[in-house]
Amino acid sequence: MVLDEKDNRSPWEKIGDYFSANSVWMKWYCTGCGAIEMPPTMTSRFDMERLGMGPMATPRQADVLLITGYLSTKTLRRVIYSYEQMNSPRYVVGFGSCTVNGGIYYDSYATINRLDMYLPVDLYIAGCMPRPEAIMNGFAKLIDMIKKGEARGWRHYQENYEWYKKNQLDSLGEVIIKDEFHE
Amino acid sequence: MNSMNSMISDIKAALSPLETSEPAFRQIAAVVKPDGIHGALAYLKNKGFTQLCILTCIDWIEDSQFELVYILFSWTDGIHIQLRARIDREKPFFTTVTDIFPGARYYEREVHEFFGVEFCGNEDLYKPLFLELWDDIPPLRKDFDPQAYSDSKFPMRENANEFLSMTGGGDDE
Ligand code: SF4
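Within each chain, residues carry numbers counting from 1 in the order of the written sequence. Each chain gets a letter, beginning with A, and each ligand a number, beginning with 1, in the order they are written. Per-residue local features of the predicted model are confined to residues with pLDDT of at least 70, and side-chain atom pairs are confined, for both listing and counting, to 80 or more; whole-chain, interface and lining totals are unaffected and use all residues. Heavy atoms from the whole structure form the basis of all side-chain values; hydrogens and water molecules are not counted.

### Some details on the overall build of chain B
Starting at the N terminus, helices and strands are each numbered in turn, a helix being any DSSP run of H or I of at least four residues and a strand any DSSP run of E of at least two. Broken down by element type, chain B carries five helices and seven strands. For chain B, the succession of helices and strands along the chain, N to C, is α-β-β-α-β-β-β-β-α-β-α-α. Only C-alpha atoms enter the radius of gyration; for comparison, a globular chain is expected to reach 2.2 Å times N to the power 0.38, where N is the number of residues. Relative to the 2.2 N^0.38 estimate, which gives 16 Å for 173 residues, the radius of gyration of chain B is 22 Å and therefore markedly larger than a compact globule would have. Projected onto its principal axes, the C-alpha positions of chain B cover 80 × 35 × 30 Å. The 173 residues of chain B split such that 43% are buried. Burial here depends on accessible area, computed with a 1.4 Å probe over protein chains only, as a share of the maximum for the residue type. Under 20% is buried, over 50% is exposed, and the range in between is partly exposed.

Structure follows, in structure tokens:
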């Protein structure tokens, strides 16, 4: 991310960022293959709770949304729903090459190629799939970015809402979910 | 193995399949005429093949045919049976088998979505199952070009730094 940008947060925002960086609750959207890397990251071997991170049940209570792999258009609609339910400040982490550029599904009719066209990604963790070591590294980096006020994706989403909405509509046709379970 | 052999001869006698084979251990494959599928499924269900494992489809575009594949399993004998029948690709209509296997309702919706085969009698057929708001020919037909569809809908990343300048939000990029 842009490291040498001026820090123009107010003192209160700095304090807020300091505290949120020390207690990061995450909602992970287990799409693609990446969900399988989360149990070792959570449990005793790597134990992400020592970073102050933990899983959370609903998007409304979470700070971070983890997208753990490829997203089909159908899933992306639900992810956008989840993201828009979250409270600011909110952060998005994209796992694996599928979220970066489509990965091995670059030519699929069902999956998107670039997650950051639709949601403001603060951090990508590369790999197919990233190992728990890489995920831990990424989380440490994310916490550092939150502390320094560099994870500003949520603000970018607010300020460029039309741009994101336009991309979402171009690729998805419609973001509103109308399936037989939402009738 | 005896039960296998007697099963095969039973099937040959009862269904008069066009062709039978044993693709693997305790598996039987039989090709029948399309109008023989319902009779065959009802007969096999009575013989203990109570589970419809899957209904799927193959696009034989050069023969201009779709091949429907029904795979059944018998929990009493531990045998799989695969029933296949070819229908016309230009007029892809078939009758639902939900009166024999009610669970086929979802498999038929899936085959309809991905291959465009219409199953007359299945009320849910036109409800979207996997593909929401699909706007092209059914995607598992061989003449569908996934790369072209992906290119038209889902932009690729042009250079590696695009992401940095975008969410960095900074003008000093
Ligand atoms: S990046 Fe690799 S491991 Fe991750 S979802 Fe894509 S294909 Fe699966």
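On we go.
### Looking at the confidence of the model for chain B
All names here are of chain B. Per residue, pLDDT captures the predictor's confidence, and it can take any value from 0 to 100. With 91% of its residues at a pLDDT of 70 or more, chain B has an overall mean of 88. The contact definition used throughout considers only heavy atoms, calling two residues in contact when any of these lie within 4.5 Å. Note that pLDDT drops below 50 for residues 167–173; the model gives that stretch 19 contacts with residues more than four away or on any other chain. Interface confidence for the predicted complex, expressed as ipTM, amounts to 0.83; the pTM equals 0.84.

### Re the nonpolar core
A general tendency of soluble globular proteins is for nonpolar side chains to be buried together. Core analysis: the biggest nonpolar cluster contains 47 residues, and Met26, Leu66, Phe95 and Phe139 of chain A have the highest contact counts within it. Setting aside anything within four residues of it in sequence, one finds methionine 26 of chain A in contact with Met38, Met48, Met53, Gly54, Pro55, Met56, Ala62, Val64, Leu66 and Phe139 of chain A. Joining through side-chain atoms within 4.5 Å is the link that ties buried Ala, Val, Leu, Ile, Met, Phe, Trp, Tyr and Cys residues into a set, and such a set is a nonpolar core. Counting 40 residues, the second largest nonpolar core, distinct from the first, contains Met4, Ile28, Ala30 and Leu131 of chain B.

### What to know about the pattern of salt bridges
A side chain with one charge can pair with a side chain of the opposite charge if their charged atoms come near. Salt bridge, as used here, is a side-chain nitrogen of Lys or Arg placed within 4 Å of a carboxyl oxygen of Asp or Glu. A complete count under the given rule lists 20 salt bridges over all chains for this structure. Close ionic contact of lysine 148 of chain A with aspartate 144 of chain A constitutes a salt bridge, the shortest N to O distance being 3.0 Å. Taken together, the residues span about one helical turn, with lysine 148 of chain A and aspartate 144 of chain A both in helix H5 (residues 132–148) at a distance of four residues. Exposure remark for aspartate 144 of chain A: the relative accessible area of 36% places this residue in the partly exposed category. Each of the salt bridges in this network shares a partner with another, and the network as a whole consists of Asp63, Glu67, Arg84 and Arg86 of chain B.

### Focus: the sheet that holds strand S2 (residues 27–31) of chain B
Residues and elements named next belong to chain B. Read from one edge to the other, the open sheet built from five strands follows the order S1-S2-S5-S4-S3, with strand pairing classed as mixed. Because the sheet does not close on itself, it has two edges, and the strands there are strand S1 (19–21) and strand S3 (51–60). Sheet twist, expressed as the mean angle between neighbouring strand axes with direction ignored, is 20°. Here a strand pair is declared whenever DSSP counts at least two bridges between the two strands. The pairing of S3 with strand S4 (residues 65–74) spans nine bridges and is antiparallel. For every element, the axis is a line fit to its C-alpha atoms; helices are fit only across the contacting stretch, and the angle between N-to-C directions ranges from 0 to 180 degrees.

### Structural notes on the interface of chain B and chain A
The partner chain A presents 39 residues to the 32 residues of chain B that form the contact. Once two parts are joined, some of their accessible surface, as seen by a 1.4 Å probe, is lost; buried area is that loss totalled over both. A buried area of about 2900 Å², summed over both sides, lies between chain B and chain A, and 54% of it is on carbon and sulfur atoms. Scanning the region where chain B abuts chain A turns up three salt bridges. Between arginine 77 of chain A and glutamate 132 of chain B there is a salt bridge; the shortest N-O distance is 2.6 Å. Counted as a polar contact is a pair of N or O atoms within 3.5 Å, where, for protein atoms, one must be capable of donating a hydrogen and the other of accepting one, and residues adjacent in sequence contribute only when both atoms are in side chains. Counting the contacts that link chain B with chain A gives nine residue pairs in polar contact (both at pLDDT 80 or more). Of all the secondary structure elements, the ones that give two or more residues to the side of chain B that touches chain A are helix H3 (104–115), helix H4 (146–153) and helix H5 (162–167) of chain B. Among the residues making up the side of chain B that touches chain A, the classes are represented as 18 nonpolar, six polar and eight charged. Think of it as three bins: nonpolar holds Ala, Val, Leu, Ile, Met, Phe, Trp, Tyr, Cys and Pro, charged holds Asp, Glu, Lys and Arg, and polar takes everything else, Gly as well.

### Focus on the pairing of strand S4 (residues 91–95) of chain A
All names here are of chain A. Here S4 lies mainly inside the structure; five of its five residues are buried. Here S4 shows two buried faces, one formed by Tyr91, Val93 and Phe95 and the other by Val92 and Gly94. In the sheet, strand S3 (residues 64–67) pairs with S4 via four bridges, with the strands oriented parallel. Across the sheet, residue isoleucine 67 finds its bridge partner in S4, namely glycine 94.

### Re helix H1 (residues 11–22) of chain A
Helical geometry: 3.6 residues make up each α-helical turn, so side chains three or four residues apart lie on a common side. Across its 12 residues, H1 of chain A extends 17 Å between first and last C-alpha, which sits within 8% of the 16 Å expected from 1.5 Å per residue. Elements that come into contact with the buried residues of H1 of chain A comprise strand S1 (24–29), S4 and H5 of chain A. An expected span of 1.5 Å times one less than the residue number is assigned to each helix.

### Quick word on the packing of helix H3 (residues 73–85) of chain A against helix H7 (residues 161–172) of chain A
All names here are of chain A. Contact geometry of H3 with H7 gives a least axis separation of 10 Å together with a crossing angle of 155°. Accordingly, the angle class assigned to the pair H3 and H7 is roughly antiparallel. The element H3 and its partner H7 pack so that their crossing is left-handed. Along the contact surface, H3 presents Thr73, Leu76, Arg77, Ile80 and Glu84, while H7 presents Tyr161, Lys165, Gln168, Ser171 and Leu172. Each angle receives one of four descriptions, namely roughly parallel if under 35 degrees, roughly antiparallel if over 145, roughly perpendicular if within 65 to 115, and oblique otherwise. Note: crossing handedness is left-handed where the near helix turns anticlockwise from the far helix by less than a right angle, and right-handed where it turns clockwise.

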